[in-house]
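Observations on the model geometry
Listed below, chain by chain, are the residues.
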Amino acid sequence: MTTDQESAHEQAEPVPVPAGGLSRRVKVIIGGIGGGLVAWFFFAWLGLKRNIVDAAGESIGSGILLLLLFSIAGATQRSRR
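This structure is a prediction, so every number in the text was calculated from the model and none was measured.

Parameters at a glance
- Residues numbered from 1 in each chain as written.
- Predicted model: local features only at pLDDT ≥ 70, side-chain atom pairs only at ≥ 80, totals over all residues.
- Heavy atoms only, no water.
- Helix = DSSP H or I, 4+ residues; strand = E, 2+ residues; numbered from the N terminus.
- Buried < 20%, exposed > 50% of the residue type's maximum accessible area, 1.4 Å probe, protein only.
- Areas by Shrake-Rupley, 256 points an atom, 1.4 Å probe, with all protein chains shown as cover.
- Salt bridge = Lys/Arg side-chain N within 4 Å of Asp/Glu carboxyl O.

A few words now on the overall build of the protein. Within the protein, the secondary structure is distributed over 3 helices and 0 strands. Ordered by position from the N terminus, the helices and strands of the protein form the series α-α-α. Looking at the protein as a whole, 7% of its 81 residues qualify as buried. By element, 64% of the accessible surface of the protein is carried by carbon and sulfur atoms, the whole surface being about 7000 Å².

What follows concerns the pattern of salt bridges. Taken as a whole and assessed by the stated rule, the structure comprises 1 salt bridge. Notably, a salt bridge pairs Arg50 with Glu58, separated by 2.4 Å at the nearest N-O pair.

Below you can see the structure in the form of structure tokens.
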């Protein structure tokens, strides 16, 4: 390893991690979203009479879309600080 590479590793600052973990509000939001996705799966499967694989795909796809949106929002918020 060269001196330039070592100095580059030393200059990187780690991202601080909150000491308390997730707040109660965030836990409630995560639980609500998870429950909503499970409810959407059962509604699509039993209520709309879709194939179980299609219903699971809709639910999982919706969850991935939400993760993407929250990731973009978090990155935008972090860049403003």
